[in-house]
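# Descriptive structure summary
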Amino acid sequence: VWGRVAFRTFLVGKAWFLFTLALFVCSQSVLNHWGGHVAAAADVGTSSAAHRLLASASTVTTTTATAVTTKYLPRPFASRLSIFLCRCFIYVCSMGQLVFFHIKYSMSDFRHKSLVRVGCFKIPEYLFAMKGWSSLLLTICLASMLCLEPILHCAPNNEGDELT
């Protein structure tokens, strides 16, 4: 059994996890700091941002004898679109799968009365296994990230710029 069906299911599950993890890292960190173009060192002045590969191209700092000026450059549309699509995939597919998992197991535990009393609350029994509570913690983190998503908060006031 392990050599065929169970092994394949195990590998597909782990491959899905690694894919969504890599996509999450890309959407939250790598793509967010990847510059669509790297400013020349003369434009940046003494800033060390030009020397880093993943430096954000959204700011350019120039230094004169009297003041330091920071100019915000628009991020390329392709970069904003890729961040938006990656985050949509994470929220819809990954968080959606986690929400479905918790609804399914909560309903099953309530239906079979597999509840554990903690104080005055009855909690579904699956949450006392490591997979249950860690998955719930991940679901809560993703839901709070969705509530704080800057793309959603900036959408009504984007002044004609898509996905800012």
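First things first, this report covers the structure right here in the doc.

This part is about the overall build of the chain. Each helix and strand counted, the chain has 5 helices and 4 strands in total. Counting helices and strands in the order they occur from the N terminus, the chain gives α-α-β-β-α-β-β-α-α. Relative to its full complement of 164 residues, the chain shows a buried share of 20%. For the chain, the exposed surface amounts to about 11700 Å²; the carbon and sulfur share of it is 70%.

Before going further, it helps to examine helix α3 (residues 77-111). The terminal C-alpha atoms of α3, which comprises 35 residues, lie 49 Å apart, in line with the 51 Å expected from a rise of 1.5 Å per residue. Approximately 30 degrees is the largest bend angle found in α3, and it occurs at Gly96.

Attention now moves to the pairing of strand β3 (residues 115-118). With 4 bridges connecting them, β3 and strand β4 (residues 121-124) associate as antiparallel partners. Note that in β4 the partner of Val118 across the bridge is Phe121.

The subject of this paragraph is the pattern of salt bridges. Across all of its chains, the model carries 1 salt bridge by this definition. Two residues, Glu149 and Arg87, come together in a salt bridge whose shortest N-O distance is 2.6 Å. You can see Glu149 sitting in the loop between α4 (130-147) and α5 (150-154) and its partner Arg87 sitting in helix α3, a full 62 residues away along the chain. An identical accessibility class is assigned to Glu149 and Arg87; each is buried.

Judged by side-chain polarity, Phe17, Leu18, Leu21 and Val25 come together as a nonpolar surface patch covering roughly 370 Å² of accessible area. Mapped onto the elements of the fold, Val25 is located in helix α1 (residues 2-33). You can call Val25 partly exposed: its relative accessible area is 40%.

All right, on to the nonpolar core then. The biggest cluster of nonpolar side chains holds 6 residues, and these are Leu23, Cys86, Ile90, Met95, Leu98 and Leu142. Not counting residues within four places of it along the chain, the set of residues in contact with Cys86 comprises Leu23, Ser27 and Leu31.

On to the environment of Lys113. Structurally, Lys113 is set in the loop between α3 and β3. Residue Lys113 is classed as exposed on the basis of its relative accessible area, which comes to 69%. The spatial distance from the C-alpha of Lys113 to the C-alpha of Pro124 is 8.4 Å, given a sequence separation of 11 residues.

Inspection of the entire model under this criterion finds 6 aromatic pairs. With a centroid separation of 5.7 Å and an interplanar angle of 80 degrees, the aromatic rings of Phe19 and Phe89 are classed as edge-to-face. Residue Phe19 is located in helix α1, and its partner Phe89 is located in helix α3; the two are separated by 70 residues in the primary sequence. Seen in terms of ring centroids, Phe101 and Tyr105 are 4.7 Å apart; in terms of plane orientation they differ by 55 degrees. Their pairing is tilted. Here the residue Phe101 and the residue Tyr105 both occupy positions in helix α3, the gap between them amounting to 4 residues, near one helical turn. We classify Tyr105 as partly exposed; its relative accessible area is 34%.

Cut-offs applied
- Residues numbered from 1 in each chain as written.
- Predicted model: local features only at pLDDT ≥ 70, side-chain atom pairs only at ≥ 80, totals over all residues.
- Heavy atoms only, no water.
- Helix = DSSP H or I, 4+ residues; strand = E, 2+ residues; numbered from the N terminus.
- Buried < 20%, exposed > 50% of the residue type's maximum accessible area, 1.4 Å probe, protein only.
- Areas by Shrake-Rupley, 256 points an atom, 1.4 Å probe, with all protein chains shown as cover.
- Expected span 1.5 Å × (residues − 1).
- Bend = angle between axes of the 7 residues up to and from the residue.
- Pairing = 2+ DSSP bridges.
- Salt bridge = Lys/Arg side-chain N within 4 Å of Asp/Glu carboxyl O.
- Patch = residues over 30% accessible without salt bridge, like charges linked within 9 Å, V, L, I, M, F, W, Y side chains within 5 Å.
- Core = buried A, V, L, I, M, F, W, Y, C linked by side-chain atoms within 4.5 Å.
- Contact = heavy atoms within 4.5 Å.
- Phe/Tyr/Trp six-rings, centres within 6.5 Å; stacked < 30°, edge-to-face > 60°.

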